[in-house]
Every structure is written in structure tokens, then in C-alpha cells.
Amino acid sequence: AQSVTQLDSQVPVFEEAPVELRCNYSSSVSVYLFWYVQYPNQGLQLLLKYLSGSTLVKGINGFEAEFNKSQTSFHLRKPSVHISDTAEYFCAARGANNLFFGTGTRLTVIP
Amino acid sequence: GAGVSQSPSNKVTEKGKDVELRCDPISGHTALYWYRQSLGQGLEFLIYFQGNSAPDKSGLPSDRFSAERTGGSVSTLTIQRTQQEDSAVYLCASSFGGFNQPQHFGDGTRLSIL
């Protein structure tokens, strides 16, 4: 069974509109959670991480995510997207010696 | 540079050949990871090195895959007798030791098996 689930494989959104990319994790993984972004032909870049403390985590490029223990979710949000946000986004949870990744969400920002 | 460096960026080879992929981690990072990114498979963990400890090889898909990390720094992932299903992007990441340390990724090696 997959430990991290990204519910949407593709999300199209108009420029300057808000966006939410959904991520759920299973109780079998730790609650060290991460969001990464991957631009074409590049590696993964860390957007933000949740380790402990405040459930609202702010990251780079105006993104934020909220850890919700009761719903086992860690959804990524941005209030107003730009064309440059078009990329693949991966949610991940820390395992014993590695990260468990979701299958990714392709965000396409439409002008 | 300051980031994780991987080489080559692209590799095309014939089925049955051996390939070596190189990863140069961020200086000072004690942990090093290899992942494979395939279409339809997402990101799969392959192997993990931490300092001088025995590596966690639990993600290697077959005995054709092996990896070394020399001197606690540079790592080489070797695939012997390559198969077409080995075609993928191979990503290396490094981090400081510690369970909660974020991993920093290189740009990957795109491997194509003809």
C-alpha cells in the first residue's frame, strides 16, 4: 500500500487564481512531511517541510501547507499562482532511511 | 558548485552494456541517497549511505544494481547488463545526518537503454 497519496495527477489553474494540491499520508509513515517541486529536466527542489510545531508551514515562492493530523493530510496551497509555478509537485514522508514519495501532481498555470 | 552534482546528465547505451552513474554530494553531508524516477512508477528509493555505516540496499531492484560510496563522499551507481526497463532518471540526494534533515537533490542522470 502506498504511504503517500496525491489525489490529483494534473491540476490546471488560471494565472493569479488560488490553488490547492492535495496530499494524504498513511499512519505507517512518520509525520516528517515535505513538498518538493520539479521543473523540467531538473532535480527536486524543497518547497517546505513539516517536522513539528505549528501546523501551518510556509515555504518558498509563496507556497504554504497545513498539517492536519486528524485527516492525515498535508495539502499545499498558494493564494495566487504565476506562470512560473508550472511544474511537477511531489509530497513526501520520511521513512526509516529514505523518503516515500507520492506519484506527483502536474500543475499547469494557464495564462 | 554548492549543490549535488550528477554525471553524466544523459546516457544512452545498448541493452546488455554496463553503466556507471556518478554523484558528488554537498560538502559536509553525511547521508547520500539514490532514487529512480520512471514514467508511471514515480520516485523509488534505491539505496542509502550514512557515514561509515553499512548501506541500506533494500530498494535495489535486482542484483544487477550496486552502489559504492568512496571516502564518505562521491558515490557511483552501477547497473550491469542493462535492460530496457532500466530506462529512467536516476536522482541522487544528500543531507546532513539526522532523521528530520531535508534531502537536497541533483538534476539527475537520464538513462536510455536502446
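Cut-offs used in this document
Residues numbered from 1 in each chain as written. Chains lettered and ligands numbered in written order. Predicted model: local features only at pLDDT ≥ 70, side-chain atom pairs only at ≥ 80, totals over all residues. Heavy atoms only, no water. Helix = DSSP H or I, 4+ residues; strand = E, 2+ residues; numbered from the N terminus. Rg over C-alpha atoms; globule rule 2.2 N^0.38 Å. Contact = heavy atoms within 4.5 Å. Buried area = accessible area lost by both parts, 1.4 Å probe. Salt bridge = Lys/Arg side-chain N within 4 Å of Asp/Glu carboxyl O. Nonpolar A, V, L, I, M, F, W, Y, C, P; charged D, E, K, R; others polar. Buried < 20%, exposed > 50% of the residue type's maximum accessible area, 1.4 Å probe, protein only. Polar contact = N/O pair within 3.5 Å; in protein donor to acceptor, adjacent residues only side chain to side chain.

A.B. asks: Could you give an account of the overall build of chain A, with specific residues and numbers?
C.D. replies: Broken down by element type, chain A carries zero helices and 12 strands. The N-to-C order of helical and strand elements in chain A reads β-β-β-β-β-β-β-β-β-β-β-β. In terms of overall dimensions, chain A is globule-like: its C-alpha atoms have a radius of gyration of 13 Å, near the 13 Å expected for 111 residues. Projected onto its principal axes, the C-alpha positions of chain A cover 40 × 30 × 20 Å.

A.B. asks: Let's hear about the interface of chain A and chain B: which residues, and what values?
C.D. replies: The accessible area lost on association of the parts is a frequent measure of interface size. Taken together, the contact between chain A and chain B spans 20 residues of the former and 17 residues of the latter. Taken together, both faces of the contact between chain A and chain B bury some 1,700 Å²; the carbon and sulfur share is 59%. Along the contact surface separating chain A from chain B lie zero salt bridges. Those elements giving two or more residues to the side of chain A that touches chain B turn out to be strand 5 (33–38), strand 6 (44–50), strand 10 (87–94) and strand 11 (99–101) of chain A. Among the residues making up the side of chain A that touches chain B, the classes are represented as 10 nonpolar, eight polar and two charged.

A.B. asks: Explain the side chain of T109 of chain B to me, using residue names and the numbers behind them.
C.D. replies: All names here are of chain B. Note on placement: T109 falls in strand 10 (residues 109–113). A residue is classified by how much of its surface remains accessible, and T109, at 0% relative accessible area, is buried. A distance of 2.5 Å separates a polar atom in the side chain of T109 from the backbone oxygen of P8. Setting aside residues up to four positions removed in sequence, T109 forms contacts with Q6, S7, P8, S9, K11, L21, A88, V89 and Y90.

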